[in-house]
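Here's the letter readout for the chains.
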Amino acid sequence: MRKLIPAIILFAMLLLQFGITPALANENSGKSLSVQEVQLANVFSFEQLGYSEKLLIGPFDATTLFFSLPANMKLTSGSSVFLKYALAWSGGSETTSIAGVGGTLLVYFNDELIDTIILNSDSPLEKEIIIPDEALKIVEPDGRNRLRLYLNADVNCRYDNVHTTLLVSKNSQFNLQYEEVAPVADLSALPHPIYQPDSIVPNSALVVIPDMPEAFELQAALTTMAGLGSITNGDLLVSMVTAGQLNEEMVASKHLIFVGLAKNFPSLQVANLPIPLSDSGLALDQGHDEDGVIQIGTSPWSQSNVVLFVGGNSEDAVIKASQAFSTGKIVAVEKPDVSLISTVNP
């Protein structure tokens, strides 16, 4: 007796039939640069990176800007930040003004102090700062870089009638130099490298299902997509296609997540995954045939992207793998690029 297909799965099948792909995305993302723009340009304004102008008010105030690069890129020597700002203060005598009562602007990149700008009546209102190599190597645990601007106007404490304000312009710029690197295949780092918070390019991925998916494979794909939306706060654009709909542009430019029975993805057999796929499925050790499998590797079609397999050799295995993947917390015991799922906590 055939299983009844839930309405949401039937809807997904209809979408695929007509070439429409469901997607999850955050429409409020502050960054709108295309991949092509990033490949051609090195210069990004603070506004492009999601910065909103903030008036820094003495005696002490600060503002922070975060950004991250795609997983296949890293910053290199020669990167710089070009600050544009407006300074104002009220009160104080001519003598204290000449002495530079405005204060200082401390510039930190990834918690490294890279410059101290003296703020007085003779200060230029723009400055380029080369980012030291040491600061380029230190990033946040989630892969983000951080610029922190700290206004120290302690003169406002010494003179009651002196008030310092500073506005860092949204037209300030980063000039980023970078080189390509292979994405790290580590399941414990998920959603990295598929997703980077505050990325300079839109985050996107494709969920790939078999050409003739079973109901449970569609269910697993939708579970995977919902999980990705949850663990990335809706900031990852996720679309679903069948394996037969993949084209050269897709495989060259996207991270790919294959969800379903291993035997239904002959195109993935060329991928260098920890547990290779074959026409008969995954070659698992005895006693693990019903285990779900999550594994990651460099894409065979693009060294800049990764492929993931979320599935197994049976219906139960596929469902378990998708449920585990949707949590975003993958336990990889022996190798960082593969995880076997025997049970999933409800």
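The residue count restarts for each chain, going from 1 along the sequence in the order it is written. At least 70 in pLDDT is required for a residue's local features to be given in this predicted model, at least 80 for side-chain atom pairs to be given and counted, and no such filter applies to totals for whole chains, interfaces and linings, which use all residues. Neither water nor hydrogens contribute to the side-chain values; these are computed over all heavy atoms in the structure.

Engineer: Can you lay out the pairing of strand β20 (residues 306–312) for me, pointing to particular residues and giving the numbers?
Structural biologist: Counting buried positions along β20 gives seven out of seven residues, so the element sits mostly inside the fold. Burial of β20 is two-sided: the residues V306, L308, V310 and G312 facing one way and the residues V307, F309 and G311 facing the other way are all buried. By this definition, two strands are paired if DSSP reports at least two bridges between them. Working definition: helices are DSSP H or I runs of at least four residues, strands are E runs of at least two. Numbering for both runs from the N terminus. Where strand β16 (residues 255–261) meets β20, six bridges bridge the pair, whose relative direction is parallel. Bridge pairing links F258 to F309 in β20. Examined bridge by bridge, strand β19 (residues 292–298) and β20 share six bridges and lie antiparallel to one another. Paired with I294 across the strands is V310, a residue of β20. Accessibility here uses a 1.4 Å probe with only protein chains present; expressed as a share of the type maximum, an area under 20% marks a residue as buried, one over 50% as exposed, and anything in between as partly exposed.

Engineer: Help me get a handle on the packing of aromatic side chains, residues and values and all.
Structural biologist: Between two aromatic rings, the relevant description is the distance of the centres plus the angle of the planes. Between the rings of Phe, Tyr and Trp (Trp by its six-membered ring), a pair exists once the centres lie within 6.5 Å; its type follows the angle of the planes, with under 30 degrees stacked, over 60 edge-to-face, and the other angles tilted. Counted under the stated rule, the structure contains eight aromatic pairs. Both rings, one in F46 and one in Y51, keep their centres 5.5 Å apart while their planes meet at 75°; by these two values the pair is edge-to-face. You'll find F46 and Y51 in the same group, each marked buried. Consider the rings of F60 and Y150, whose centres lie 6.5 Å apart with planes at 15°: the pair is stacked. Of the two residues, F60 is situated in strand β4 (residues 60–67) and Y150 in strand β10 (residues 145–152); the sequence distance between them amounts to 90 residues. With relative accessibility at 43%, the residue F60 sits in the partly exposed group. Classification of Y150 as partly exposed rests on a relative accessible area of 27%. One aromatic cluster in this structure is built from F46, Y51, F67, F109 and F174. Two limits define a charge over a ring: the Lys NZ or Arg CZ must be within 6 Å of the ring centre, and within 35 degrees of the ring normal. Between R144 and the ring centre of F66, over which it is positioned, the NZ or CZ distance is 4.0 Å.

Engineer: How would you sum up unusual backbone geometry? Please name residues and give values.
Structural biologist: Phi is mostly negative for residues that are not glycine, and the peptide bonds are mostly trans. A cis amide bond, omega 10°, links L190 with the succeeding residue P191. In this fold, P191 is placed in the loop between β13 (178–180) and β14 (204–209). Cis geometry marks the peptide bond from H192 to P193, where omega comes out at 10°. Relative to the assigned elements, P193 resides in the loop between β13 and β14. With phi around 50°, N110 is a residue other than glycine that occupies positive phi space. By secondary structure assignment, the location of N110 is in the loop between β7 (103–109) and β8 (112–119).

Engineer: I'd love a proper account of the packing of helix α6 (residues 215–231) against helix α8 (residues 315–327), names of residues and values included.
Structural biologist: Each axis is a line fitted through C-alpha atoms, and for a helix only the stretch in contact is used; angles between axes span 0 to 180 degrees, taken between their N-to-C directions. Where α6 meets α8, the axes come as close as 7 Å, and the angle between the chain directions of the two elements is 10°. Taken together, the axes of α6 and α8 are roughly parallel relative to one another. Mapping the contact onto sequence places F216, Q219, A220, T223, T224, G227, L228 and I231 in α6 and E315, V318, I319, S322, Q323, F325, S326 and T327 in α8. Grouping the amino acids of the contact of α6 with α8 by side-chain chemistry returns seven nonpolar, eight polar and one charged. Small angles under 35 degrees read as roughly parallel and large ones over 145 as roughly antiparallel, with 65 to 115 read as roughly perpendicular and the rest as oblique. Any two residues whose heavy atoms approach within 4.5 Å at even a single point are treated as in contact. Residues are grouped as follows: Ala, Val, Leu, Ile, Met, Phe, Trp, Tyr, Cys and Pro are nonpolar; Asp, Glu, Lys and Arg are charged; every other residue, Gly included, is polar.

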